[in-house]
Amino acid sequence: MYEILRNEKLAEDTHLMEIGAPMVAERIKPGNFVILRISEKGERIPMSVFDFDRNKGVLTIVFKVVGKTTKDLSSLKEGDSIMNFVGPLGNPTEIEKFGTVVCIGGGIGIPPIYPIAREMRKAGNKVISIIGARRKYLLILEDEIKSVSDELHVTTDDGSYGHKGFVSDVLNMIIREGRKIDRVIAVGPLVMMKAVCDVTKPHGIKTIVSLNPIMVDGTGMCGCCRVTVGGETKFVCVDGPEFDGHEVDFDNLILRNNRFLEEEEKAKGGCYGSEKEKA
Ligand SMILES: Cc1cc2nc3c(=O)[nH]c(=O)nc-3n(C[C@H](O)[C@H](O)[C@H](O)COP(=O)(O)OP(=O)(O)OC[C@H]3O[C@@H](n4cnc5c(N)ncnc54)[C@H](O)[C@@H]3O)c2cc1C
Ligand code: FES
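Residues numbered from 1 in each chain as written. Chains lettered and ligands numbered in written order. Predicted model: local features only at pLDDT ≥ 70, side-chain atom pairs only at ≥ 80, totals over all residues.

### Describing the overall build of the protein chain
- Scanning the protein chain from N- to C-terminus turns up ten helices and 17 strands.
- C-alpha extents for the protein chain along the principal axes are approximately 55 × 40 × 40 Å.
- For the protein chain, the proportion of its 279 residues judged to be buried stands at 40%.
- A sequence separation of at least 24 residues applies to 63% of the contacts in the protein chain between residues at least 6 apart. (Helix = DSSP H or I, 4+ residues; strand = E, 2+ residues; numbered from the N terminus. Buried ≥ 20, exposed ≤ 12 C-beta atoms within 10 Å, placed from the backbone. Contact = placed C-beta atoms within 7 Å.)

### Things to note about helix α6 (residues 190-200)
- Those residues of α6 not exposed but buried are Met 192, Met 193, Ala 195, Val 196, Cys 197, Val 199 and Thr 200.
- Against the buried residues of α6 lie β9 (100-106), α5 (167-176), β13 (183-187) and β14 (207-210).

### A look at the sheet that holds strand β7 (residues 81-82)
- Taken together, the five strands give an open sheet; going across it, the order is β5-β6-β2-β1-β7, and neighbouring strands pair in antiparallel fashion. Looking at the sheet topology across the chains shown, the edges are occupied by β5 (51-53) and β7. (Pairing = 2+ DSSP bridges.)

### Details of the domain arrangement of the protein chain
- By domain assignment, the protein chain separates into domain 1 (2-89), domain 2 (93-206) and domain 3 (211-268).
- Measuring from the centre of the C-alpha atoms in domain 1 to the corresponding centre in domain 3 gives 21 Å.
- Listing elements by their share of the side of domain 1 that touches domain 3, those giving two or more residues are β3 (33-37) and β8 (84-89).
- Grouping the amino acids of the side of domain 1 that touches domain 3 by side-chain chemistry returns five nonpolar, two polar and two charged. (Domains from an automatic or database assignment. Nonpolar A, V, L, I, M, F, W, Y, C, P; charged D, E, K, R; others polar.)

### Regarding the nonpolar core
- Core analysis: the largest hydrophobic core is formed by 72 residues, its most contacted members being Leu 59, Val 102, Cys 103, Ile 104, Ala 117, Ala 186 and Val 196.
- Leaving out residues up to four positions away in the same chain, Ala 186 has contacts with Ile 104, Met 192, Met 193, Val 196, Thr 207, Val 209 and Gly 245. (Core = buried A, V, L, I, M, F, W, Y, C linked by C-beta atoms within 7 Å.)

### Observations concerning helix α3 (residues 110-122)
- With 13 residues, α3 extends 19 Å between its outermost C-alpha atoms, agreeing within 8% with the 18 Å of an ideal straight helix rising 1.5 Å per residue.
- Counting buried residues in α3 gives ten out of 13 residues, a clear majority hidden from the surface.
- Turning to α3, its buried residues number three or more, namely Ile 110, Pro 111, Pro 112, Ile 113, Tyr 114, Pro 115, Ile 116, Ala 117, Arg 118 and Met 120.
- At the exit of α3 stands Gly 124, carrying a positive phi of roughly 100 degrees. (Expected span 1.5 Å × (residues − 1).)

### With respect to the environment of Cys 237
- Following the sequence through the fold, Cys 237 ends up in helix α7 (residues 236-239).
- Residue classification places Cys 237 among the buried residues on the basis of 26 C-beta atoms within 10 Å.
- Sequence separation of Cys 237 and Val 216 is 21 residues, and the distance between their C-alpha atoms is 9.4 Å.

### As for the packing of α5 against α6
- At a minimum axis separation of 9 Å, α5 and α6 run at an interaxial angle of 15 degrees. As summarised for this structure, α5 and α6 are arranged roughly parallel, according to the angle between their axes. Viewed along their axes, α5 and α6 form a crossing whose handedness is right-handed. Where α5 approaches α6, its residues Val 167, Ser 168, Leu 171, Asn 172 and Ile 175 are matched on the opposing element by Met 192, Ala 195, Val 196 and Val 199.
- When its residues are assigned to classes, the contact of α5 with α6 shows seven nonpolar, two polar and no charged. (Axes fitted to C-alpha atoms, helices over the stretch in contact; angles between N-to-C directions. Parallel < 35°, antiparallel > 145°, perpendicular 65-115°, else oblique. Left-handed = near helix turned anticlockwise from the far one by under 90°.)

### Details of the environment of Gly 231
- Tracing the backbone through its elements, the reader meets Gly 231 in the loop between β15 (226-229) and β16 (232-235).
- A tally of 7 C-beta atoms within 10 Å means that Gly 231 is categorised as exposed.
- As a C-alpha pair, Gly 231 and Asp 249 span 18 residues in sequence and 8.2 Å in three-dimensional space.

Printed below as a string of structure tokens:
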């Protein structure tokens, strides 16, 4: 059993949770993910790592309540436990000195950007971070991202805070100013990562994206997380989750990710508004 050490609400429907998991914390690296299961009958859900403390054996995740399992997770209190916690899974982010690295996080893609930006900076890169949310009250972890960046830009879709528009608009602006960018890393909704790739591709800027397809086993056995990259089938859980964004077939992945919408709505049992309803 894995003990919940902290459960803090960061924004509407978004929680930061510290979990005691010494063996996972010891080996986890930025870019890895874990798969957790709350109880015997529960569903397995993948989660990225926000932070870890190897000495204390603690791993921190940040999650958005979008359906049944994340709702159940959000209701757990300090001292409660979850049954399974498997990781590290996937390949860690390639960290080396590239020069200037732009780290982009959209919505719930902001937390996984934090350890990546931190390690990129430690490796001697200049880190420009761009984070975005639909509205100001949904924006999370601004101070944390700022603390690991040389430069931070914030966007909101509706202009309620920071630049009005999308993270890809700010990236476009930075590129058009003629600044040299050596690598871009983007984590967030598929449409956002696709937009970022559309901006960088004409300039030949290497762009890494972290994909978030539906996953079941997380070990390369079920084939559920398959995606087409450079014309080849890849399994995100073992071959990724990070890929060269210019090679990813986003349109196909977006279609595949929407295929359980009806079942997910039923599982919510009407207790949740959908993203559309909340917007
Ligand atoms: C590698 C990876 C890392 C992730 N990291 C985070 C994170 O750090 N924070 C966070 O809030 N969310 C993260 N997710 C998404 C998270 O796994 C889903 O929000 C969660 O599984 C939803 O479960 P649910 O029962 O609450 O919602 P459901 O009602 O079952 O589903 C709601 C939506 O969540 C997604 N989803 C559902 N089941 C899965 C599944 N088995 N695998 C992937 N996506 C699913 C789908 O887009 C679906 O439309 C990550 C997903 C992947 C693949
Ligand atoms: S989740 Fe089953 S192959 Fe990746």
